[in-house]
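Coordinate inspection notes
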Amino acid sequence: VVVVMLCGRVVAVLDAQASWTKSDVCARIPTLVDRQGVWARLFHRCAELAGERTLAAVHVSDGSQLSLVLDTAGHRRVITASSDSTARLWNASSGECLLTLAGHDLQVNSAAISPDGSKALTASSDGTAKLWTADRGVCLRTYEGHTCRVF
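Source: prediction; values computed, not measured.

1. Quick notes on the nonpolar core
Val3, Val25, Leu42, Leu55, Leu66 and Leu68 are the most contacted members of the largest nonpolar core, which totals 20 residues. Secondary structure elements with two or more residues in this core: strand E1 (2-5), strand E2 (10-13), helix H1 (22-26), strand E3 (39-44) and strand E5 (65-71). Counting nine residues, the second largest nonpolar core, distinct from the first, contains Ile79, Leu99, Ala120 and Ala134.

2. A closer look at the pattern of salt bridges
Counted under the stated rule, the structure contains two salt bridges. For Arg88, the salt bridge goes to Asp84, with nearest N and O atoms at 3.9 Å. Since its relative accessible area comes to 41%, Asp84 is described here as partly exposed.

3. Let's talk about the sheet that holds strand E10 (residues 119-124)
The antiparallel open sheet is built from four strands, whose spatial order is E9-E10-E11-E12. Of all the strands in the sheet, just strand E9 (108-113) and strand E12 (139-143) have a single pairing partner and so form its edges. Each strand of the sheet is rotated relative to its neighbour by a mean of 15°, with strand direction disregarded. Pairing between E9 and E10: five bridges, direction antiparallel. Of the residues in E10, the one forming a bridge with Ser110 is Ala123.

4. Regarding unusual backbone geometry
One non-glycine residue, His59, lies in positive phi territory at about 65°. Topologically, His59 is positioned in the loop between strand E4 (47-49) and E5. Note on His59: relative accessible area 62%, which makes it exposed. In this structure, Ser85 takes a positive phi of about 75° despite not being glycine. As for its placement among the helices and strands, Ser85 is situated in the loop between strand E6 (77-81) and strand E7 (86-91).

5. Focus: the sheet that holds E6
The three strands lie next to each other as E6-E7-E8, forming an open sheet whose pairing is antiparallel. Only two strands of the sheet have a single neighbouring strand rather than two, namely E6 and strand E8 (97-102). Between one strand and the next, the sheet's axes are offset by a mean angle of 20°, whatever the strand orientation.

Conventions adopted
- Residues numbered from 1 in each chain as written.
- Predicted model: local features only at pLDDT ≥ 70, side-chain atom pairs only at ≥ 80, totals over all residues.
- Heavy atoms only, no water.
- Core = buried A, V, L, I, M, F, W, Y, C linked by side-chain atoms within 4.5 Å.
- Buried < 20%, exposed > 50% of the residue type's maximum accessible area, 1.4 Å probe, protein only.
- Helix = DSSP H or I, 4+ residues; strand = E, 2+ residues; numbered from the N terminus.
- Salt bridge = Lys/Arg side-chain N within 4 Å of Asp/Glu carboxyl O.
- Pairing = 2+ DSSP bridges.
- Axes fitted to C-alpha atoms, helices over the stretch in contact; angles between N-to-C directions.

Printed below as a string of structure tokens:
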């Protein structure tokens, strides 16, 4: 099982057991061991490995990839990109949608939150990237000029 951060960096390659839970996986990720104040979530496709759910329960098998989402600054928010032309900011603990960022003409391919949590950046198949306020969802700037999809 390969554990990858959202930036694409591989943080662990594990010979995992189907019975492992989130705590079993996190205990074997070098960047998480002995770090205080780091909040982590693990996903396999759309399923979250949380609580006592096992790798088998979220359909992880040999060669699967787990996505690791970290929050070291305490913002406790995640952002998702969608083919519905929006990005959404979520409360990471409750799963509540806090904000929808709408303004792209085609699917949003990627989205990221700034380290201080104040801004969000989205990239779209419409050839643009947009910079947003993460508290109110105001588009601050649209970056244009690409002739193809932006990731």
